[in-house]
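Take a look at the letters that make up each chain.
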Amino acid sequence: MERIKKLFGRDEEEEEVKEAPAAEEAAPEEAAAPAEVIEEVAEPEPEVAAEPDEPFPVDGAATIPYHSEITDRLQYMFNDSNIAANIEGTDKFTIEFMAMGERFNFIKEALSEVKYGIGSASDEDVFIRISNDAVAELLSAPNFEEFRKIYMKYYRSPDAGKFVKIELRKDLVWMNRHGYARVPLLKLLVGQVR
């Protein structure tokens, strides 16, 4: 028997060793097939995934056009579909501002568009005063995210000559029931953004 083994140049142990790698080579192909299926199932997840920490789908990095007046900037923001998202779902609101020595307001009645007005508003929900220096910085904000940071900075910790003062004239619960909490811009203007 050994003579036959030597004649053919084989050994039984070599045959077992040669057969073992063949079995191992087959195993990775079988194991690779389920891995490919798992990868195919895992691919759609990134498309569906959303950031749970973001309360609104606002693109804060989208550039805001240049405005020389705060009224123009606010009018633009009230008409922007991202910044004023869900504004059509609000019941009604009245916001009065005092900035650059002038009073102006934004009013929305139920099922209507936001209207800009000059002067005082009657029965406003909130009265907001913005200092001239803070207005200058708000006008220089290139996007909504920067606008938000500047606005909240001067609301939370006002400096001499730089401030945003917010006086709620209605109860915050009432305001939220009328849609303030659903609109990124309104939520910012009443100081409820973190």
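Now for a quick tour of the structure. (Residues numbered from 1 in each chain as written. Predicted model: local features only at pLDDT ≥ 70, side-chain atom pairs only at ≥ 80, totals over all residues. Heavy atoms only, no water.)

### A short note on the environment of Ile130
Mapped onto the elements, Ile130 comes out in strand S4 (residues 126–130). With 29 residues separating them in the primary sequence, Ile130 and Gly101 have C-alpha atoms 9.6 Å apart. The contacts of Ile130, once residues within four sequence positions are left out, are Phe97, Met98, Ala99, Met100, Val135, Leu138, Tyr151, Phe163 and Val164. (Helix = DSSP H or I, 4+ residues; strand = E, 2+ residues; numbered from the N terminus. Contact = heavy atoms within 4.5 Å.)

### Let's talk about the sheet that holds S4
In space, the 5 strands of this open sheet follow the order S3-S2-S1-S4-S5, with mixed pairing throughout. Looking along the sheet, the strands with just one partner apiece sit at the ends: strand S3 (115–118) and strand S5 (164–168). Going from strand to strand, the sheet's axes swing by 20° on average, the running direction of each strand aside. Here S4 pairs with S5 via 5 bridges, running antiparallel. Paired with Ile128 across the bridge in S5 is Ile166. (Pairing = 2+ DSSP bridges. Axes fitted to C-alpha atoms, helices over the stretch in contact; angles between N-to-C directions.)

### Observations regarding the side chain of Thr94
With respect to the helices and strands, the residue Thr94 is situated in strand S1 (residues 93–99). By relative accessible area, Thr94 is classed as buried at 11%. For Thr94, the residues in contact, after removing those within four places along its chain, are Phe106, Ile107, Ala121, Ser122, Asp123, Glu124, Asp125, Val126 and Tyr180. (Buried < 20%, exposed > 50% of the residue type's maximum accessible area, 1.4 Å probe, protein only.)

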